[in-house]
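# Structural characterization, general
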Amino acid sequence: MKNCNDILTRLSAYHDGELPADQQQEITAHLAVCSACQQTLADLQQTSAQLRQWSVTLSPLQQERIVQAYQQRRWQRTLRTALGLSAAAAVIAIIASLGWLNVLIPSSSKDVTTVAPSTWEMVAVARDDATTQASNPDQDVALWMVASLNEGGNSRE
Ligand SMILES: [Zn+2]
């Protein structure tokens, strides 16, 4: 016969039917001859019944709102991460392509009008200098895009 402490450590799992069949049978057999463990199981059943009474029942609408709130949060987090990664990837790609241009084109033959990066690239790579340059609509849009990406989509509320 197992001692009561060994039974009691598994009594909650026994009550919930989570034990393997042989252990369920072992504990059932012990309970048949041990009034102390029977009493503990009775207390457990009573507590469990009370908890069931207290549990909150949500209406379908409330459940839907909770799910929506959760999914919205998850979506915002995903969007934020994706925007952050794509902004970083864009900057790396631009820097890499500028580096390739420098390798492929000898500096003596560089034609500023054909090699110069687009406004977007200028702003993304050297946006700290952008304020000193003459303002134009394209640059303003590009600046806004960079600022928006750096915010990580927080403004999309
Ligand atoms: Zn016992």
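Residues numbered from 1 in each chain as written. Predicted model: local features only at pLDDT ≥ 70, side-chain atom pairs only at ≥ 80, totals over all residues.

With that settled, consider the overall build of the protein chain. Summing up its helical and strand segments, the protein chain has eight helices and zero strands in all. Per-residue burial over the protein chain gives 4% buried out of 157 residues. Excluding contacts between residues fewer than 6 apart, the proportion of contacts in the protein chain whose partners are at least 24 apart in sequence is 53%. (Helix = DSSP H or I, 4+ residues; strand = E, 2+ residues; numbered from the N terminus. Buried ≥ 20, exposed ≤ 12 C-beta atoms within 10 Å, placed from the backbone. Contact = placed C-beta atoms within 7 Å.)

This part is about helix 4 (residues 35-54). For helix 4, spanning 20 residues, the distance from its first C-alpha to its last is 29 Å, which sits close to the expected 28 Å at 1.5 Å a residue. Burial analysis of helix 4 places just zero of its 20 residues in the buried class, a small minority of the element. (Expected span 1.5 Å × (residues − 1).)

Okay, the environment of Thr40 next. Examined against the element boundaries, Thr40 turns out to sit in helix 4. We classify Thr40 as partly exposed; it has 18 C-beta atoms within 10 Å. For the pair Thr40 and Ser12, spaced 28 residues apart in sequence, the C-alpha to C-alpha distance is 9.8 Å. Residues contacting Thr40, with those up to four places away along its chain left out, are Leu8 and Leu11.

In this model, the protein chain carries an average pLDDT of 76, and 70% of its residues clear a pLDDT of 70 or more. Predicted confidence in the protein chain is weakest over helix 6 (residues 112-115), with a mean pLDDT of 57, and strongest over helix 3 (residues 21-33), with 95. (pLDDT = per-residue confidence, 0-100.)

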